[in-house]
Amino acid sequence: AQSVTQLGSHVSVSEGALVLLRCNYSSSVPPYLFWYVQYPNQGLQLLLKYTSAATLVKGINGFEAEFKKSETSFHLTKPSAHMSDAAEYFCAANTGGFKTIFGAGTRLFVKA
Amino acid sequence: DVKVTQSSRYLVKRTGEKVFLECVQDMDHENMFWYRQDPGLGLRLIYFSYDVKMKEKGDIPEGYSVSREKKERFSLILESASTNQTSMYLCASSSPNREQGQPQHFGDGTRLSIL
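Let me begin by describing the structure that accompanies this report. (Residues numbered from 1 in each chain as written. Chains lettered and ligands numbered in written order. Predicted model: local features only at pLDDT ≥ 70, side-chain atom pairs only at ≥ 80, totals over all residues. Heavy atoms only, no water.)

## Side note on the state of the cysteines
Tallied over the entire structure, the rule returns two disulfides over all chains. At a sulfur-sulfur separation of 2.0 Å, the disulfide partner of A:Cys23 is A:Cys91. The chirality of the disulfide connecting A:Cys23 with A:Cys91 is left-handed, given an S-S dihedral of about -65°. Here the residue A:Cys23 occupies a position in strand β3 (residues 19–26), and A:Cys91 occupies one in strand β9 (residues 87–94), the gap between them amounting to 68 residues. With respect to burial, A:Cys23 and A:Cys91 carry one shared label: buried. Note that B:Cys23 is cross-linked by a disulfide to B:Cys91, the S-S spacing being 1.9 Å. Because the torsion about its S-S bond is -80°, the bridge between B:Cys23 and B:Cys91 counts as left-handed. Of the two residues, B:Cys23 is situated in strand β3 (residues 19–25) and B:Cys91 in strand β9 (residues 87–94); the sequence distance between them amounts to 68 residues. (Disulfide = S-S within 2.5 Å. Helix = DSSP H or I, 4+ residues; strand = E, 2+ residues; numbered from the N terminus. Buried < 20%, exposed > 50% of the residue type's maximum accessible area, 1.4 Å probe, protein only.)

Set out below in C-alpha cells:
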C-alpha cells in the first residue's frame, strides 16, 4: 500500500540556517511527489512537485527538493531560513489515480 | 488566479444538527475532495468526486455524505453532527492530468466546532 512518512513532527531552526524537512514514500510504482505548505488558518498551497522530468525540483520561496529513488526519499530544503517560512509542511504522493496520500505534516519553527 | 472557495471560515453548530459545508472552484476541475485535518493526523480523505453526481468514499466517510449537482460545487453534509466531528475541513480540486500528477488546489478551510 502507498504511504508517505515525514520524519519529525516539529523542526526548529535559526533564521539564516539550512532547512531540511524529510519525507520518505512507499509505493510499488514511482509516484508523483509534492510538497505543500500551510500557513496558520489557511489551506494548503503547492510548493513544488516532482513528475519525473528532473530529480531536483525547484519551488516557490527558495525551496527545492530532490527525488532519490534508491532511498525512496523526497526531502525538502532551503539554504537559509526566514521567519516567514514558519508554517506546517506536508509531503504527498500520487501514483496516477484519483487519490493523493499525505504525510502527517512537519511544523517548522524559525528562531530569531 | 485559480480559486477554491469554502463558504465559511468558522462555523459553530450543536450536536444533532444537520450541517452543510459548501465548496466552489472556478478552475473547471473534474475532481473534488473533502478532507478533515486534525493535529498529528494530517489530512484524512472523507469523500471525493470525479464527475458531476459521482462520488466515492474516502478513508473516513462515516457520519458524512456529499453532493455534487454541478461541476463547480461540492458539498459536505454532516447528517447529525457530533462533538467528534469538531475539526478543520478542507476542500480541494484537481484536474485529471496524469502527466502532472494531479496536484490539488485547496480552499482556506472551515473550522467547525460542534457543541
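Still more ground to cover, so stick around.
## Comments concerning the sheet that holds strand β7 (residues 64–68) of chain A
All names here are of chain A. Pairing within the open sheet is antiparallel, and its five strands lie in the order β1-β3-β8-β7-β6. Each having just a single partner strand, β1 (3–7) and β6 (56–58) make up the two edges of the open sheet. Averaged over all pairs of adjacent strands, the angle between their axes in this sheet comes to 20°, without regard to strand direction. In this sheet, β7 lies alongside β6 in antiparallel orientation, the contact comprising three bridges. (Pairing = 2+ DSSP bridges. Axes fitted to C-alpha atoms, helices over the stretch in contact; angles between N-to-C directions.)

## Quick look at the side chain of B:Ser65
Residues and elements named next belong to chain B. Relative to the assigned elements, Ser-65 resides in strand β7 (residues 64–70). Within polar-contact distance, the side chain of Ser-65 engages the side chain of Glu-79 at 2.6 Å. Sequence-distant contacts of Ser-65, defined by excluding residues within four places in its chain, comprise Tyr-47, Ser-75, Leu-76, Ile-77 and Glu-79. (Polar contact = N/O pair within 3.5 Å; in protein donor to acceptor, adjacent residues only side chain to side chain. Contact = heavy atoms within 4.5 Å.)

Scope: geometric values only; no functional claims are made or implied.
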